[in-house]
Each structure stands twice: as structure tokens, then as C-alpha cells.
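Secondary and tertiary structure notes
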Amino acid sequence: MHDIIVIGGGIAGTSVAARLAPHAKVLLLEAETALAYHASGRSAALYESNYGLPTTVALSKASSDYFHTANGGYLSPRGLMITARVDEFDAFQKDSETLGLEVISPAEALKMLPILNPEKLAHASYHAAAWDIDTDRMVQDFARELRAHGGEIKLGAPVKSIARNGAGWVLETPLDSYQAKLIVNASGAWVDEIATLAGLAPIGFTPLRRSMARIPAPGGHDVSTWPMFFGVGESWYAKPDAGSLIVSPAEEDPMLPMDAWADDMVLAEGLARYEELVTEPVTRIEANWAGLRTFSPDRALTIGFHTDAPDFFWHAGQGGYGFQTAPAASQLAADLILGQARQLDAKTCAALSPERFAQ
């Protein structure tokens, strides 16, 4: 019998399980044979604290100290740039203000990104306060912390059924049957399915596909110092990665929970939007993949107890912000579950609570 079973071995589930392990007997169940297999393993891995809704920004900023100092820090310099054509000024101005970027000249942008097309680039903005996240080490460090406090991780253990008994919950998996007093539902795109298995009302989360293509370094350039760069309205983005460039069409296509794959036509359209502002055409794709970014009905994260079940806890709806919010989000979840003083303000906590959907 465990005190808490956390369902889902992405960054959300792994981090909250690690936070709880010093205080309770915790079991983490992951359906796949590796942690961070789905959305967490396909992240763009950027920490930009101004990116997202106000609640997301609050969580991201509250995570800053952890990212910079915990276990030697998880960040390395990257920078962020928005690029735009002459007809995109209004959208460019809005994006730049929202993200707190400083307007720079096209000439300054070209110095940082020599593949930008000077005949098409009319507007650019930039700031250095965006970092790459060492996502793999972060997940493994949380898993190590969980185990160090006596927590367990079971891989290849998809939950097939959930029922109650006199002591709490009984979860059936292909590996074994497990019991716990509390379930933490951190199962990503499958969170509503897990709630339904438990006989509880789902909230209405929507998994949205986002695709990526890895292309060779354009023009043979050393891309290691280039910033991540976006088209206005996040119509596409590109980011250096291991000597290559990853380019995303930044689509949000609703999907059923699954092991997602990239759509060739969507990729082609996104690459065409990227090519409009650069001088180097895409001649080859080294690899492509897709992940599901799962959002609640209002697109904010959902952290708190189910309104009809005080022994079922939502830790869901991370969308594309799972890593950059994980330190503070997992701490909030642990504070709520353990009855500790919350480190976030009451307004933010209320905006993240599942109770907002019951009103």
C-alpha cells in the first residue's frame, strides 16, 4: 500500500513525485519503457519566463531560482528573436511587448542570424534572457531524488483500470496491482482518460499536435550561438540543436491521445513560412517528429484536487510549458497535497485550481 501513486512519467509527474517522496510513500507509474517519452521528450527545451498566460508566467518566474541554482543549474545561454516582414508590424509589436523583447535594427539581427533575408526582414526584436534547458538531466535528477527518498518508479505500467476499496484506490497494470490513498493524475494527453477510469468527471483537456523537423545547419554555418527565432504570431520557429536547426510550423491540431507523428504537409507549410524570411532554402530534412501539447479549456495549467474527490489530484494541462513551469508547479502541487503553506499568491493558485471549471 502506497500513500500516493503518481500516474505519468513526464516532467510533470516526475517532478511532483520527487517533491512528495520525502513526506510520503510514493509510486510513479509510467506507461512507456522510459521516462519523458512523449511530450516531455519532444520539447523545444527553452526557458523564457515571459512566455505564456499570466499564470504560466507566474509559475515560470517562480521557477527561476531552481533553474539557475539547483544541482548546478540547468540553463545555458540562447536568446530569443522575433522576425517580421514589413506588413506584419502590428503583430510584431504585440509579440515584442508581450515577451518583453527590445526592438533592434535589421542590421543587428543579421549579425546574430546571417541567414535572414535583408530584402524581406523589416522588423526584429531580441533579448538575451532566454535559455536552453538541459531537459534530460532535469528529469533524471528528479527521478534520482524520488528514489533517494524511497520512492519507486515502474516503467511499462499503463493503468488499465482504477477502482476503490475500503483503503483507497486500486490500480491495475500489466505488471501488477497497486494500491494508494491518493492518485496524482499527471498523465499528459491521457489525463481525462485516467479520470474516467477512476469514475470521475473529466475536465475537457485537448491534446494538440506540434511537429518538428531537424535540418542541416543552413549554409554550413556554425549555429551554436544563434538565438531561437520566431515568426510573428508564432507562425513558425527555429532553434539551434546539436549542430543542426530544428524548425517547427508551430501548429495546434487537435488529436486523440497517442504517440504522435509529424504530418508531412503541415511540416512543408511551416518550412515554407520559415523560408520566406531566410536566404538558405531547406534542401534536406534529417529527422522529424511530433508531440502533443495538452491544454485545459482555458489553456491554463490545472493543479489541485478533483472537485468531487479529495483523493484524486490533477497535475495537468502543461501545454507547451511543462519544463519551464515544472519547479514551481510541482512545489505548488506538493504544498496542496501535504497541506503546507503555498509559495505562490492566492490569486494565481485560484486561477490554476480545478474549481474554476466547476463554477
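Predicted model, so just to flag it, every value in this text is computed and none were measured.

Right, let's get into the pairing of strand 5 (residues 80-84). Counting buried positions along strand 5 gives five out of five residues, so the element sits mostly inside the fold. Because side chains alternate across strand 5, one face comprises the buried residues L80, I82 and A84, and the other comprises M81 and T83, equally buried. Bridging between strand 5 and strand 7 (residues 123-127) involves five bridges; their strand directions are antiparallel. Counterpart to I82 in the pairing with strand 7 is S125. Alignment of strand 5 against strand 14 (residues 228-231), held across four bridges, turns out to be parallel. Bridging across to strand 14, I82 finds its partner in F230.

What follows covers unusual backbone geometry. Positive phi, close to 60°, is recorded for A45, a residue that is not glycine. Among the structural elements, A45 can be located in the loop between strand 2 (26-29) and strand 3 (46-47). The class of A45 is buried, set by a relative accessible area of 12%. With phi around 70°, R299 is a residue other than glycine that occupies positive phi space. Looking at the secondary structure, you find R299 in the loop between strand 18 (287-295) and strand 19 (302-306).

Here helix 6 (residues 135-148) contains 14 residues, and its C-alpha end-to-end distance of 20 Å stays within 8% of the 20 Å for a straight helix at 1.5 Å per residue. Restricting attention to buried positions, one finds in helix 6 the residues T135, M138, V139, D141, F142, A143 and L146. Looking at the buried residues of helix 6, the elements they touch are helix 1 (11-20), strand 2, helix 3 (64-69), strand 8 (131-133), strand 9 (152-154) and helix 9 (322-338). Just past helix 6, the residue G150 takes up positive phi, approximately 90°.

To continue, consider the sheet that holds strand 3. Paired through backbone hydrogen bonds, the strands of a sheet run either parallel or antiparallel to each other. Strands sit in the order 3-8-4 across an open sheet of three strands; the sheet is antiparallel. Whereas interior strands pair on both sides, the edge strands pair on one side only; in this sheet they are strand 3 and strand 4 (75-77).

At their nearest, the axes of helix 1 and helix 9 sit 8 Å apart, and the two run at 40° to each other. What the angle tells us is that helix 1 and helix 9 run oblique. Helix 1 and helix 9 meet at a crossing whose hand is right-handed. Contacts between helix 1 and helix 9 pair I11, S15, V16, R19 and L20 from the former with G322, F323, A326, P327, S330, Q331, A333, A334, I337 and L338 from the latter. Within the contact of helix 1 with helix 9, the residues separate by chemical class into 10 nonpolar, four polar and one charged.

The next subject is the domain arrangement of the protein. Accessible area lost upon the coming together of the parts is a frequently used measure of interface size. Domain annotation of the protein identifies domain 1 (2-58 + 134-203 + 297-357) and domain 2 (80-127 + 206-293). Distance from the C-alpha centre of domain 1 to the C-alpha centre of domain 2: 31 Å. Facing the 16 residues of domain 1 at the interface are 22 residues of domain 2. In this assembly, domain 1 packs against domain 2 so that about 1,500 Å² is buried in total across both faces, 55% of it on carbon and sulfur atoms. The interface formed by domain 1 and domain 2 contains one salt bridge. For R299, the salt bridge is made with E252, and the minimal N-O distance between the two is 2.9 Å. Counting across the interface, domain 1 meets domain 2 through six residue pairs in polar contact (both at pLDDT 80 or more). Residues of the side of domain 1 that touches domain 2, tallied by class, amount to eight nonpolar, four polar and four charged.

For the coordinates displayed, the defined rule picks out 18 salt bridges. Taking the shortest distance from any N to any O, the salt bridge between R85 and E88 comes out at 3.3 Å. Judged by its relative accessible area of 24%, R85 falls in the partly exposed class. For R356, the salt bridge identified is with D298, shortest N-O distance 2.7 Å. Within this pair, whereas R356 is found in the segment after helix 10 (346-352), its partner D298 is found in the loop between strand 18 and strand 19, the two being separated by 58 residues in sequence. In this structure R356 comes out as buried when scored by relative accessible area, which is 16%. Judged by its relative accessible area of 36%, D298 is partly exposed. Three or more residues joined by partner-sharing salt bridges are found here, namely R210, E234, E252, R293 and R299.

Next up on the list: the environment of A18. Within the secondary structure layout, A18 lies in helix 1. What makes A18 buried here is its relative accessible area of 0%. With near-sequence residues (within four places) excluded, A18 lies in contact with F142, E145 and L146.

Turning our attention to the packing of helix 1 against helix 6. Angle between the axes and distance between the axes: these two values describe a pair of packed helices. As a packed pair, helix 1 and helix 6 sit with axes 8 Å apart at the nearest point and diverge in direction by 35°. Note that helix 1 runs across helix 6; the crossing there is left-handed. Residues I11, T14, S15, A17 and A18 of helix 1 pack against M138, V139, F142, A143, E145 and L146 of helix 6. For the contact of helix 1 with helix 6, the class distribution of residues is eight nonpolar, two polar and one charged.

Cut-offs used in this document
- Residues numbered from 1 in each chain as written.
- Predicted model: local features only at pLDDT ≥ 70, side-chain atom pairs only at ≥ 80, totals over all residues.
- Heavy atoms only, no water.
- Buried < 20%, exposed > 50% of the residue type's maximum accessible area, 1.4 Å probe, protein only.
- Helix = DSSP H or I, 4+ residues; strand = E, 2+ residues; numbered from the N terminus.
- Pairing = 2+ DSSP bridges.
- Expected span 1.5 Å × (residues − 1).
- Contact = heavy atoms within 4.5 Å.
- Axes fitted to C-alpha atoms, helices over the stretch in contact; angles between N-to-C directions.
- Parallel < 35°, antiparallel > 145°, perpendicular 65-115°, else oblique.
- Left-handed = near helix turned anticlockwise from the far one by under 90°.
- Nonpolar A, V, L, I, M, F, W, Y, C, P; charged D, E, K, R; others polar.
- Domains from an automatic or database assignment.
- Buried area = accessible area lost by both parts, 1.4 Å probe.
- Salt bridge = Lys/Arg side-chain N within 4 Å of Asp/Glu carboxyl O.
- Polar contact = N/O pair within 3.5 Å; in protein donor to acceptor, adjacent residues only side chain to side chain.

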